[in-house]
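Structure at a glance
Read off the chains here:
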Amino acid sequence: MKERECKVIVAAQWLHLHLWLVSESSSLLDWLQVRQRVPLLNLCPNSTFHKAPFTSLLLADYGASVLRIDRSHPQAHTGDPPPPTADSLSRHKSSIALNLKSPAALALLRSLLTHADVFIDPFRPGVLESMGLIPSELLASNLRLIIARLTGFRRDGPYADMAGHDINYLAVSGILSQLGRKDAPPYPPANILADFAGGGLMCAFGIMAALLSRGQTGKGQVVEANMVDGSAYLGTFMRFSMKTSMWDAPRGENVLDGGCPWYQVYKCKDGGYMAVGALEPHFFAKLIDGLGLEMSQDLDRANWPAITEDFQQRFLSKSRQDWEKIFAGKDACCTPVFTQAELERDGYEQRPAVDLIGSPALSIPEKCQWSSEGLSPGAGGEDVLHAWVGWRRGVHYDVENGSLVKVATAKL
């Protein structure tokens, strides 16, 4: 198949926004065999919200060419670039700076969108339209465009226009009510579940589904993702399990939520921790053997608190390293809880999420294994514009007040 370029635009709602243009390559998906481009709009310089940047990171790591569109900056596109933004998920990406209040800058973006394959919009409902970027108009100008709209709350309902964060989306999805210990408030798992899994990952999945559809129809479409529905979907098993003996007790008293002794984390003598997940009888038998215990109690739920205390006292009798040696190579489902600092110290290799044998992902550079270098507004973006559509400064665009603008006479 002849290689071609495919463009994706992602807008992220941060304290300053990022609009990402993503370009997919043959390494993105076997069936695509193309070079895709993705723009991302970044207008919130101090943001810590990474749902849309995570979506574009997934695309970039698998060969997509990602262009982040930052807010204009006096030093952008100069020999003395501004410092990197707070976006730490900028690996394998580039940037251009645009002042979208400038008609000439907006005209450049509109022209770029006619070449794009995917536009990721992470704003609340109506924000994209207020910028003059109307989805129906964008689709009319580019029939192959996929517009992925990623919000926190659902686009309809009582919370549609309200601000929120991961914890709020989990709260109204019902998932948060199932997380946490007995006799304690519900406890969120940082912002991994809603922001990253229910939001960024689900949005990337929607983009892939739309690209597959476009491969058959030749037409793009609007993809609507939100972190409430994404989180609720991830919790399908948890929800269904509430109708069974696995999860029919109050929070913190069930098999997988901290109630069961053989699905727990235990503290060791040296302050380290061991994780136990010996759910099956044959694994449980090897756990008991490794612990050196004899089970005289029934394993029914009424005895779980007492068994948990017995296990805890046993784990406190040895260091984590001792327990590692005891359970090494044994199918007891008992493993050490490593800290990130330990993994970094010991040279643990961070790898792409999925290994594609025929079209592997880009490797994670050693310098990006444990920290991010960030991305400055304007870094590498002009090279990307030339590679994508052949645009050149002074011919197709110029720089005004830290923003790229379309040259009035240019036909883009």
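It should be noted that the structure appears before, not after, this text.
Read on for an overview of the structure. (Residues numbered from 1 in each chain as written. Predicted model: local features only at pLDDT ≥ 70, side-chain atom pairs only at ≥ 80, totals over all residues. Heavy atoms only, no water.)

Description of the side chain of Arg214
Of note, Arg214 is situated in helix α6 (residues 192-217). Within the structure, Arg214 has its side chain in polar contact with the side chain of Asp117 (distance 2.8 Å). Looking at Arg214, its side chain comes within polar contact range of the main-chain oxygen of Arg144, at 2.8 Å. (Helix = DSSP H or I, 4+ residues; strand = E, 2+ residues; numbered from the N terminus. Polar contact = N/O pair within 3.5 Å; in protein donor to acceptor, adjacent residues only side chain to side chain.)

Digging into a nonpolar patch on the surface
Among the surface-exposed residues, Tyr159, Met162 and Val172 lie close enough to one another that they form a single nonpolar patch of about 260 Å² accessible area. Along the chain, Met162 turns up in the loop between β7 (146-151) and α5 (166-173). Judged by relative accessible area, Met162 falls into the partly exposed class, the value being 44%. (Patch = residues over 30% accessible without salt bridge, like charges linked within 9 Å, V, L, I, M, F, W, Y side chains within 5 Å. Areas by Shrake-Rupley, 256 points an atom, 1.4 Å probe, with all protein chains shown as cover. Salt bridge = Lys/Arg side-chain N within 4 Å of Asp/Glu carboxyl O. Buried < 20%, exposed > 50% of the residue type's maximum accessible area, 1.4 Å probe, protein only.)

Quick look at the sheet that holds strand β11 (residues 334-336)
Taken in spatial order, the three strands of this open sheet run β9-β10-β11, and their pairing is antiparallel. With one partner strand each, in any of the chains shown, β9 (263-267) and β11 form the two edges of the open sheet. Each adjacent strand pair in this sheet contributes to an overall mean axis angle of 20°, direction not counted. Sheet analysis places strand β10 (residues 273-277) next to β11, joined by three bridges and oriented antiparallel. Of the residues in β11, the one forming a bridge with Val276 is Cys334. Along the sheet face, helix α10 (residues 304-315) touches β9, β10 and β11 and points at about 40° away from the line of β9. In the packing of helix α11 (residues 320-327) onto the sheet, contacts are made with β10 and β11, and the angle to β10 comes to roughly 35°. (Pairing = 2+ DSSP bridges. Axes fitted to C-alpha atoms, helices over the stretch in contact; angles between N-to-C directions. Contact = heavy atoms within 4.5 Å.)

Considering the packing of aromatic side chains
Using the criterion set out here, one finds nine aromatic pairs in the structure. Between Phe54 and Phe196, the aromatic rings sit 5.2 Å apart at their centres with planes inclined by 75°, giving edge-to-face as the arrangement. Of this pair, Phe54 sits in helix α1 (residues 51-61) while Phe196 sits in helix α6; the two residues are 142 residues apart in sequence, bridging distant segments of the chain. Here Tyr266 and Phe315 contribute two aromatic rings whose centre-to-centre distance is 5.0 Å and whose plane-to-plane angle is 10°, an arrangement assigned as stacked. Here Tyr266 is found in strand β9, whereas its partner Phe315 is found in helix α10, with 49 residues between them in sequence. The exposure class of Tyr266 is buried, given its relative accessible area of 1%. Look at Phe315 and you get buried, because its relative accessible area is 0%. Every member of this aromatic cluster is reached through a ring pair, and the members are Tyr266, Phe311, Phe315, Trp323 and Phe327. Over the ring of Trp323 we find Lys318; its NZ or CZ atom is 6.0 Å from the centre of that ring. (Phe/Tyr/Trp six-rings, centres within 6.5 Å; stacked < 30°, edge-to-face > 60°. Lys NZ or Arg CZ within 6 Å of the ring centre and 35° of its normal.)

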